[in-house]
Every structure is written in C-alpha cells, then in structure tokens.
Amino acid sequence: MRHTRLHCEAPLAEDVPVRLGADTAHYLGTVLRMRQGHCVRVFNARDGEFVACVEQLNKKEAGLRLGRRLRAPVLPKLDIELCIGLARGDRLAWAIQKSTELGVARIAPFFSARSEGKPPKERAATRLEHWRRIAVSAVEQSGGFRIPLFSEPRPFDEILRDPAPAECGRILFDPAGVQDLPTALLGSHLRIITGPEGGFAEPELKLAARCGYQVVRLGPRVLRAETAPLAALAILQHRFGDM
C-alpha cells in the first residue's frame, strides 16, 4: 500500500506538532482531498519517518501532529556526487529526478565546449529552487530520506579541478573510454561525471585524466545525456551500494 510521504526540515519527534506551508496544504486538501483525522507520513534525513495525523488544514498551512516513529534515517551506502552536463528542455530535470531516486548526495551541473551555454545569473535562485523541488518530490515518492545538495552550473574545468578527498573515487563516463569500471573502490565516496548532449571534446577528456579521473565506457552503446547518469548510478549502486 502506498503512503503519502512529506518532507519536513523542522525537527521531528513523537507527539510533536508540525506546520507545513501553503503548497503542502493545497496538495493535501485539494489534490488528495484529505481532511482532519487523515494520516500521512512525515520525514527528514536527520530524525527519520513518522506517522502524522492532520489536525488543521486551510489555504495557508497544514497542521499535523506526529505519532510514532516508523523508521530511523536510512542513508545510501555510497556517497555519490553527480556532475552532469547541462541539457536542453526538460532533460536535465528528468535526470535530476531519477538520479535522486537512485540516491545521489550532490548534483553539480556544468557547461562545457559542446553543451548548452552558461545560464543567466539572474535566474540562479529560481533555478536552484526548481531543482530542489524536483528532488524533494522524488525522495518523497521513492521512500528515501536524503535531499541532494545542488550547486550552480559552473565551467567544466572548474568541476575537474575541485579538490576531493584522497579516498574519493573519480570516474568520467564517455564512449571514448578504454577503462572498465573498477572492481573495488577506495572508499564510500564517489564523484562521477556524465557528459552533455554533444559529448566531451578530446582536450576535456585529456584534462580529466590529468586531474585523476578514470575515463570509463558504458558498453557498446552511446547513451543520451539524460540516460547515461541513470545507467551509471544503477550499476554503481548494484555493485557497491544498496541495490
């Protein structure tokens, strides 16, 4: 049976009231047609998941009272940062949604020689909030706990030169790769890069190798920009994570 799950940043504990905003109130009252006494589940990555009873519902907010805790926080075994090339239309949003379902911890979009150009700065806050909303919805529906962190799109060379812990594995997926996926990881931290719609230019691949990235091929097929990260994440979670 499917349960309605709602993410809440506020501290959660048994027999504690919580207030959720107008968007959640609209979703519960208008979309789901819930009323006083109906139950949902409320969660965050810090406190876990609780059953919650609707005590008040109006246009401005939803008032809930938490009951017993159903689950303690469960975080993926792998801490994965996904660096993904910008894509046109809804493709990036779709990739963000599905990557969140697959347990990424951070998402860092980038623009490169063959990708979409640098996005306008004046929409930065709106863009990040849009991506976060997509991620929150994906976590609510998939049964996860962690909402990934987002960064503003940056140049690809900056992504490559970002410092990483010594035990962090670094993998770039590209059809030109000659290496196989590693049979073991240095630790539980991974930074993976998947390309934009136009792929990577040769100088970019050479720079990635100099920066310590393994350039890995995902089989004989050339995957779309929104498909490659999902295939890579599923393989990594199956081989080293919790799938």
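Located above this text is the structure these notes cover.
Residues numbered from 1 in each chain as written. Predicted model: local features only at pLDDT ≥ 70, side-chain atom pairs only at ≥ 80, totals over all residues. Heavy atoms only, no water.

Points about the layout of surface pockets
Empty space among the atoms becomes apparent when a probe as large as a water molecule is rolled across them. So the rule is basically this: Only protein atoms enter the 1 Å grid, on which a cavity is a set of points fitting a 1.4 Å probe that cannot get out and a pocket is an open set with protein on both sides within 12 Å along at least 5 of 7 lines, lining residues being those with an atom within 4 Å of a point. Grid points are joined across faces, edges and corners, and a volume is the space filled by probe spheres set on the points. Segments assigned H or I by DSSP are reported as helices when at least four residues long, segments assigned E as strands when at least two residues long, and all are numbered from the N terminus. Under the scheme applied here, ten amino acids are nonpolar (Ala, Val, Leu, Ile, Met, Phe, Trp, Tyr, Cys and Pro), four are charged (Asp, Glu, Lys and Arg), and all others, including Gly, are polar.
A volume near 700 Å³ is recorded for the largest pocket. Residue lining of the largest pocket: 22 residues in total, with Leu6, His7, Thr24, Val136 and Glu140 positioned closest to the centre. Looking at the lining of the largest pocket, the elements that each hand over two or more residues are strand 1 (5-7), helix 1 (22-31) and helix 3 (124-142). It is helix 3 that contributes the most residues to the lining of the largest pocket, eight residues altogether. Classifying every residue of the lining of the largest pocket gives five nonpolar, nine polar and eight charged.

Some points on the packing of aromatic side chains
Filter applied, for reference: Centres within 6.5 Å are what make two rings of Phe, Tyr or Trp a pair, Trp counting through its six-membered ring; a difference in plane orientation under 30 degrees is then read as stacked, over 60 as edge-to-face, and the rest as tilted. Using a 1.4 Å probe on the protein chains alone, a residue whose accessible area is under 20% of its type maximum counts as buried, one over 50% counts as exposed, and one in between counts as partly exposed. As a reminder, the over-ring test applies to NZ of lysine and CZ of arginine, requiring each to be within 6 Å of the ring centre and within 35 degrees of the ring normal.
Enumeration over the complete set of coordinates arrives at five aromatic pairs. Note on Phe110 and Phe200: the rings are 6.1 Å apart at their centroids and 15 degrees apart in plane angle, and the pair reads as stacked. In this pair, Phe110 sits in strand 7 (residues 106-111) while Phe200 sits in the loop between strand 11 (189-194) and helix 5 (202-210), placing the two residues 90 residues apart along the sequence. By the burial criterion, Phe110 is buried, and Phe200 matches it. Summarising the aromatic geometry, the rings of Trp131 and Phe150 are spaced 6.2 Å apart at their centres and angled 35 degrees between planes, so their arrangement reads as tilted. A residue pair is termed long-range when its members are at least 10 positions apart, and Trp131 in helix 3 and Phe150 in strand 8 (residues 149-150) qualify at 19 residues. Judged by relative accessible area, Trp131 falls into the buried class, the value being 5%. A cation sits over an aromatic face here: Arg5 above Phe145, 5.7 Å from the ring centre.

Remarks on a nonpolar patch on the surface
For clarity, the threshold we go by: Excluding any residue in a salt bridge, patches collect residues exceeding 30% relative accessible area, merging like charges within 9 Å and nonpolar Val, Leu, Ile, Met, Phe, Trp and Tyr side chains within 5 Å. Only the protein chains shown count as covering a residue, and every accessible area follows the Shrake-Rupley method with a 1.4 Å probe. Between Lys or Arg on one side and Asp or Glu on the other, a salt bridge is scored when a side-chain nitrogen of the former is within 4 Å of a carboxyl oxygen of the latter.
Together, Tyr27, Val31 and Leu32 give the surface a local cluster of nonpolar side chains, amounting to about 240 Å² of exposed area. Relative to the helices and strands, Val31 resides in helix 1.

Observations regarding the sheet that holds strand 3 (residues 39-44)
Rules: Paired strands are those between which DSSP finds at least two bridges. Convention adopted: a line fitted to C-alpha atoms gives each axis, helices being fitted over their contacting stretch, and angles between N-to-C directions are expressed from 0 to 180 degrees. Any two residues having at least one pair of non-hydrogen atoms within 4.5 Å are treated as being in contact.
Read from one edge of the open sheet, five strands run 1-3-4-5-2, paired in mixed fashion. With partners counted over all chains shown, the strands left at the sheet margins are strand 1 and strand 2 (17-20), one partner each. The average angle at which neighbouring strand axes cross in this sheet is 40 degrees, direction not considered. Note that strand 3 and strand 4 (residues 48-57) share six bridges and pair antiparallel. Note that in strand 4 the partner of Asn44 across the bridge is Gly48. Packing against the sheet, helix 3 makes contact with strand 1 and strand 3, and its axis sits at approximately 140 degrees to strand 1.

By themselves these figures say nothing about function.
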